[in-house]
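Letter by letter, the chains look like this.
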Amino acid sequence: MKVCRAVLRAVFLVALLVLVPTAVAACGGDETSDESQSIVFIASNADNGIAVTGPPTAESGRTEISLNNESEKAADLQLLRVEGDHSADEVAAALTGATRGQPLPDWFFAGGGVGLTGPGESQTVTQILEPGTYYAFDTNSRTTSPELGSELTVSGDPSDQTLEADATVSAFEYDFKADGLTTGDNEVLFENTGSQPHHVIYAPIVGDATRSEIEKAIREDQAQPPIDLENERATAVLDSGGRQLVDLDFAEPGRYALLCFVSDRQGGPPHAFKGMIAEVDVE
Ligand SMILES: [Cu+2]
């Protein structure tokens, strides 16, 4: 399978990511006044990649999840929810397969987390954590190994808390629906209303390029698809039903492309190859 190298570079490396300052918008103004717990993960340099460390335990419910990137490269924090007993070796192997479009084991689910974050930077998302076993990994490296991850056990009851924001981006097979986005920083409810795992990558559209021209360029593996890869940003991957509050930054008014490069659980091409590319006009 041919893969658009430029976009993969952006997905996995994002060297020139422009970052939102970490403005933690606690609970002020929300309908829900529930207290959030906060958990912090650290990305740091390791011999064979980027190691993620975090707390071994947390309580279920509304949680602010931060990534402090102390490594020298862009890094992300991908949470993976695991059903049953599976070792870090198994999880790392499944994640490596996932980044190559291989089928996902039926016990392995994307659990959100923090999208690509530049070296020395921090970002925070808010999620409702459900009880269970999670692993945290940086997916920036194409290959990962078990010692680079961190296990998190979430205990407590299933939560009935909700997340709300003025702007929403919904991902499903194989499209996006965006509502309420404005220029600058947006606190967005990003939700997966489909049945497959998805994330959202967004970047300014170059010139007058149409959606179909972008799709064609990606399908044909053109070195320069008509999107501004240097100003591309990405969320973590959510599985079916997943939701998170995330700060998305549309620095300039104009047209942006929303894209997904995750594959189906059954494996196969990245969703952008199946047409999961949307255009949004930000005023
Ligand atoms: Cu997708």
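Residues numbered from 1 in each chain as written. Predicted model: local features only at pLDDT ≥ 70, side-chain atom pairs only at ≥ 80, totals over all residues. Heavy atoms only, no water.

**Here's the deal with the overall build of the protein**
For step 1, the next point in the chain: Assigned secondary structure in the protein consists of 3 helices and 17 strands.
For step 2, the next point in the chain: When each of the 283 residues of the protein is scored for burial, the buried share is 54%.
For step 3, the next point in the chain: The long-range fraction of contacts in the protein, counting pairs at least 24 apart against all pairs at least 6 apart in sequence, stands at 76%.
For step 4, the next point in the chain: Taken as a whole, the protein presents about 12100 Å² of accessible surface, with 47% of it coming from carbon and sulfur. (Helix = DSSP H or I, 4+ residues; strand = E, 2+ residues; numbered from the N terminus. Buried < 20%, exposed > 50% of the residue type's maximum accessible area, 1.4 Å probe, protein only. Contact = heavy atoms within 4.5 Å. Areas by Shrake-Rupley, 256 points an atom, 1.4 Å probe, with all protein chains shown as cover.)

**Examining the environment of Glu-147**
For step 1, the next point in the chain: On the secondary structure map, Glu-147 appears in the loop between strand S8 (132-137) and strand S9 (150-155).
For step 2, the next point in the chain: Residue classification places Glu-147 among the exposed positions, given a relative accessible area of 54%.
For step 3, the next point in the chain: Polar contacts involving the side chain of Glu-147 include one to the side chain of Asn-48, which spans 2.8 Å. (Polar contact = N/O pair within 3.5 Å; in protein donor to acceptor, adjacent residues only side chain to side chain.)

**Some remarks on the confidence of the model for the protein**
For step 1, the next point in the chain: Of all residues in the protein, 88% attain a pLDDT of 70 or more, and the chain-wide mean is 88.
For step 2, the next point in the chain: The lowest-confidence element of the protein is helix H1 (residues 5-12), averaging 43 in pLDDT; the highest-confidence one is strand S10 (residues 167-172), averaging 98.
For step 3, the next point in the chain: Here residues 1-33 is a poorly scored stretch, pLDDT under 50, and it has 79 contacts once near neighbours within four places are set aside; other chains count. (pLDDT = per-residue confidence, 0-100.)

**What to know about unusual backbone geometry**
For step 1, the next point in the chain: With omega at -20 degrees, the peptide bond leading from Glu-173 into Tyr-174 counts as cis.
For step 2, the next point in the chain: Among the secondary structure elements, Tyr-174 is positioned in the loop between S10 and strand S11 (175-179).
For step 3, the next point in the chain: Despite not being glycine, Asp-221 has its phi angle at roughly 60 degrees, a positive value.
For step 4, the next point in the chain: Relative to the elements of secondary structure, Asp-221 occurs in the loop between helix H3 (211-219) and strand S14 (233-234).
For step 5, the next point in the chain: Take Asp-221: its relative accessible area is 25%, and that puts it in the partly exposed class.

**So, the pattern of salt bridges**
For step 1, the next point in the chain: Counted under the stated rule, the structure contains 8 salt bridges.
For step 2, the next point in the chain: We note a salt bridge from Glu-83 to Arg-81, for which the minimum N-O separation is 3.1 Å.
For step 3, the next point in the chain: Between Arg-211 and Glu-215 there is a salt bridge, with its nearest N and O atoms 3.0 Å apart. Residue Arg-211 and its partner Glu-215 are located together in helix H3, separated by 4 residues, close to a single helical turn.
For step 4, the next point in the chain: With a relative accessible area of 28%, Arg-211 lands in the partly exposed category. (Salt bridge = Lys/Arg side-chain N within 4 Å of Asp/Glu carboxyl O.)

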